[in-house]
Amino acid sequence: MTAMIALMSDESLPSVFLRSVFVENILLSFFLGMCSYLAVSKRVDSAVGLGIAVVFVQVLTLPMNWVLQTYVLSEGALAWAGFPESDLSYLTFLTFIASIAAVVQVVEMAVDKFSPKLYAALGIFLPLIAVNCAILGGSLFMVERKYTFAQAATYGVGSGLGWAIAIISMATIRWRMRTAHVPGPLKGLGITFITTGLVAMAFMTFSGI
Amino acid sequence: MKFLRNLIEKQRKLYHGKDSKLHKLWPLFDSAETFLFAPEHRTGPQRVHVRDYVDLKRVMNAVIIALLPCLLWAIWNTGAQHFHAWAKFGVGKEYVAGWLQALFPPTVAEPSAFDFVIFGLQRMLPILIVSYGVGLGIEVFFSIIRKEEVSEGYLVSGMLIALIVPASIPLWQLALGVAFAVVLGKEVFGGTGMNIFNPAMLVRAFLFFSFAGQISGDAVWAAGNQAPTGVPGYLVDGYSSPTALAVVKQATTNASDALQAAYTHADLFFGNMTGSAGEMSKLAVLLGAAYLIFTGIGSWRVMLAGVLSLVASAFLIKFASGAETGPISLLPYEHLLCGGFLFGIVFMATDPVSSPETNLGKWIYGALIGFVTILVRTINPAYPEGTMLAILLMNAFAPGIDHFVVAANQKRRMARA
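Residues numbered from 1 in each chain as written. Chains lettered and ligands numbered in written order. Predicted model: local features only at pLDDT ≥ 70, side-chain atom pairs only at ≥ 80, totals over all residues. Heavy atoms only, no water.

### Here's the deal with the overall build of chain A
- Scanning chain A from terminus to terminus reveals 10 helices and zero strands.
- Oriented by its inertia axes, the alpha-carbon framework of chain A measures out at about 65 × 50 × 30 Å.
- Across the 209 residues in chain A, those meeting the buried criterion constitute 48%.
- In chain A, once contacts between residues fewer than 6 apart in sequence are set aside, the share between residues at least 24 apart is 72%.
- Within the structure as shown, chain A displays about 9700 Å² of accessible surface, and the carbon and sulfur contribution to it stands at 73%.
- Between the averaged position of the 11 positive side-chain charges in chain A and that of its 10 negative side-chain charges there is a distance of 21 Å. (Helix = DSSP H or I, 4+ residues; strand = E, 2+ residues; numbered from the N terminus. Buried < 20%, exposed > 50% of the residue type's maximum accessible area, 1.4 Å probe, protein only. Contact = heavy atoms within 4.5 Å. Areas by Shrake-Rupley, 256 points an atom, 1.4 Å probe, with all protein chains shown as cover. Lys, Arg positive; Asp, Glu negative; His and termini not counted. Charge placed at Lys NZ, Arg CZ, Asp CG, Glu CD.)

Here it is in structure tokens:
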């Protein structure tokens, strides 16, 4: 029992992981990253591609932004460089957006160079998610919740995976609905929004854990 | 029968054909006709035509027959629990009879079996009427506007809805829940056969999150008679009785002991306890399940996978944690006797529309429902029961399960070719 309680406490890594996938699913409980979610969930294979790309980028940007936050941006972070009074936290948004864009760009070029096959599968999605708010949102949650480095890395995997699960399930639902006789005005985005709401209600299964 | 047939034939020209007087109401006429008689529509004379009289309406009727034991028990038990509660909390108060009891006055001091049934009918009939009236009304309205046939999917949903809410539910809340589920969960997806989520489950989830005070807690399970002045209505004043799962959830000692102190296993199996109207009697559910499996209408794969997975997950969690106290310590098979899991897996999870279509998918789907139910029951402190949310969650993943099962099958066959 004590082992279970330790496992379920808020700070432990398995708990951070499970919370970010299910309980605080970045898409279905915060509705972040909706635009690419709605646009790309039309086809299952592109949804899988984008899902993997989001996991990939989350895993890279969260630890990097953690380093930036801890050693450059937060109050007193520059003490190692001899500026103990510095507080650059007003630059958080700007820095995070720039660092995410830079990482995505570098990763894209690297993938193109070393694995053209992976690039063909992921390539077009990478620039698309540089501006995905789930990515920036993940980094900002990490700051707000004062995660340690290990927690930030775990949260990256978990929140990316949660987003991927949400978009893949939505893509398969839309694939099944392709023959449904949806009323004209609701076709496309309308019914997708309604379905997202219902799926989010089903995800309330885990709220409270 | 002849008489009905003649009557329908006489009426037909009023509705059939574009210029006829009441052509707008054709869906209504058509649904009444096909409800009474198996339709004889055929395709052209030169084509191969496979016919089976077991159409959607006949399938739905079979499910209704399977639900009858639960409904009968719901009527009986609603009355029994009412008089049981009254014997404890009505002492010294004046008994106010309801509308049906005014015709058949009960002997309050020593209620007979007949009084139980009268009270049960008095409470269950309005619930059924509201559930069917609102739901079918919306379906017919949509069919007429969209010029489609009225389909029968709602016949089962309406009955299920009446059986999964507490008997004390205020009728306006029920009407609101039904309207929500039928419009936003079913009609906007294109009606029967197109919905992603089980409409009956959506009604309950909607009520659960919107009006938690009237659908959860310990006070709502015994219906009463008093004309309500505000919410909560239709309760026996002051009476509260935790359901089996609430006992388990609140247990600070060994949950199995706490459960058996409140209810014997026979009580749990035969349904002599409080809970949502129709889900208590495991015997009634098993009778329904046997009928569904025998006629081939309910998927035995989903049911078997769900039950096995529930027991196995409960076993694993109990022995992995080694817990001696709290909800985790409940014996695995007792999870089957508590709450609405059996009812859910037999009547809700086997819904052919919102569950996977592939056989392997059905196994996966049922197993995950059992697993998530146990997760909620044991480690989620927020809710005592997880069946409803587990089924809704798996409804969301059912198309995904199907998709990946089919993809894997294609890959396997391509490799073999």
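So much for the structure itself; the text now carries on.
### Some remarks on helix 6 (residues 171–185) of chain B
- End to end, helix 6 of chain B covers 20 Å across 15 residues, agreeing with the expected 21 Å (1.5 Å per residue, within 8%).
- Along helix 6 of chain B, the residues that are buried comprise Gln-173, Leu-174, Gly-177, Val-178, Phe-180, Ala-181, Val-182 and Gly-185 of chain B.
- Packed against the buried residues of helix 6 of chain B are helix 10 (189–202) of chain A together with helix 4 (113–146), helix 5 (153–164), helix 7 (199–210) and helix 8 (212–215) of chain B. (Expected span 1.5 Å × (residues − 1).)

### Let's talk about the side chain of His-403 of chain B
- Of note, His-403 of chain B is situated in helix 17 (residues 387–416).
- The contact partners of His-403 of chain B, leaving out residues within four places of it in the chain, are Val-44, Thr-172 and Trp-175 of chain A.

### What to know about the state of the cysteines
- Within the structure shown, the criterion is met by zero disulfides over all chains.
- Not engaged in a disulfide, the cysteine Cys-35 of chain A finds its nearest cysteine sulfur in Cys-133 of chain A; these two sulfurs lie 4.9 Å apart.
- Among the cysteines around Cys-338 of chain B, which has no disulfide bond, Cys-70 of chain B carries the closest sulfur, lying 17 Å off.
- Assessed through its relative accessible area of 0%, Cys-338 of chain B is described here as buried. (Disulfide = S-S within 2.5 Å.)

### Considerations on the packing of aromatic side chains
- Summed over all chains, the structure comprises 20 aromatic pairs over all chains.
- Summarising the aromatic geometry, the rings of Trp-66 of chain A and Phe-149 of chain A are spaced 5.2 Å apart at their centres and angled 70° between planes, so their arrangement reads as edge-to-face. Taken together, the residues span a long stretch of sequence, with Trp-66 of chain A in helix 4 (residues 44–73) and Phe-149 of chain A in helix 9 (residues 149–176) at a distance of 83 residues.
- Judged by its relative accessible area of 16%, Trp-66 of chain A falls in the buried class.
- The partly exposed category is assigned to Phe-149 of chain A, whose relative accessible area is 39%.
- Plain terms: the ring middles of Phe-208 of chain B and Phe-209 of chain B are 5.4 Å apart, the flat faces sit at 80° to each other, and that makes the pair edge-to-face.
- Grouping aromatic residues by their ring pairs yields a cluster made of Trp-76, Phe-83, Phe-116 and Phe-119 of chain B.
- Here the basic side chain of Arg-145 of chain A rests over the ring of Phe-141 of chain A, its NZ or CZ set 4.5 Å away from the ring centre.
- Above the ring of Phe-319 of chain B, the side-chain terminus of Lys-318 of chain B is found at 5.5 Å from the ring centroid. (Phe/Tyr/Trp six-rings, centres within 6.5 Å; stacked < 30°, edge-to-face > 60°. Lys NZ or Arg CZ within 6 Å of the ring centre and 35° of its normal.)

### Things to note about the nonpolar core
Residue and element names in this part refer to chain B.
- Counting 138 residues, the largest nonpolar core has Phe-343 and Phe-347 as its most contacted members.
- Sorting elements by how many residues they give to this core places helix 17 first, with 12 residues.
- Grouped together as the second largest cluster of nonpolar side chains are 15 residues, Val-247, Ala-255, Met-273 and Leu-337 included. (Core = buried A, V, L, I, M, F, W, Y, C linked by side-chain atoms within 4.5 Å.)

### Digging into a nonpolar patch on the surface
Residues and elements named next belong to chain B.
- On the surface, Ile-293, Trp-300, Leu-304, Leu-308, Leu-360, Trp-363, Ile-364, Leu-368 and Phe-371 cluster together to form a nonpolar patch covering roughly 770 Å² of accessible area.
- Put simply, the parts of the chain that give the nonpolar patch at least two residues each are helix 13 (300–321) and helix 16 (359–379).
- Counting residues per element, the nonpolar patch draws most heavily on helix 16, at five residues.
- Take Trp-363: it is sitting in helix 16.
- Residue classification places Trp-363 among the partly exposed residues on the basis of a relative accessible area of 31%. (Patch = residues over 30% accessible without salt bridge, like charges linked within 9 Å, V, L, I, M, F, W, Y side chains within 5 Å. Salt bridge = Lys/Arg side-chain N within 4 Å of Asp/Glu carboxyl O.)

### Section: the pattern of salt bridges
Residues and elements named next belong to chain A.
- Evaluated as defined, the whole model comprises six salt bridges over all chains.
- Residue Glu-24 is joined to Arg-19 by a salt bridge in which the shortest nitrogen-to-oxygen separation is 3.1 Å.
- The exposure class assigned to Arg-19 is partly exposed, which follows from its relative accessible area of 21%.
- Through salt bridges with shared partners, a single ionic network connects Arg-19, Glu-24 and Arg-145.

### Remarks on the domain arrangement of chain B
Residue and element names in this part refer to chain B.
- Once the domains are mapped, chain B shows domain 1 (56–90 + 97–221) and domain 2 (244–416).
- Relative to domain 2, the C-alpha centre of domain 1 lies at a distance of 22 Å.
- The interface of domain 1 with domain 2 comprises 34 residues on the first partner and 34 residues on the second.
- Interface of domain 1 and domain 2: buried area, both sides summed, is about 2900 Å²; carbon and sulfur atoms make up 73% of it.
- Taken together, domain 1 and domain 2 are joined by zero salt bridges.
- The interface formed by domain 1 and domain 2 contains eight residue pairs in polar contact (both at pLDDT 80 or more). (Domains from an automatic or database assignment. Buried area = accessible area lost by both parts, 1.4 Å probe. Polar contact = N/O pair within 3.5 Å; in protein donor to acceptor, adjacent residues only side chain to side chain.)

### Details of the confidence of the model for chain A
- On average, residues of chain A score 83 in pLDDT, and 92% of them reach the 70 mark or higher.
- Scored below 50 in pLDDT, residues 1–6 of chain A shows seven contacts in the model against residues more than four places distant or in partner chains. (pLDDT = per-residue confidence, 0-100.)

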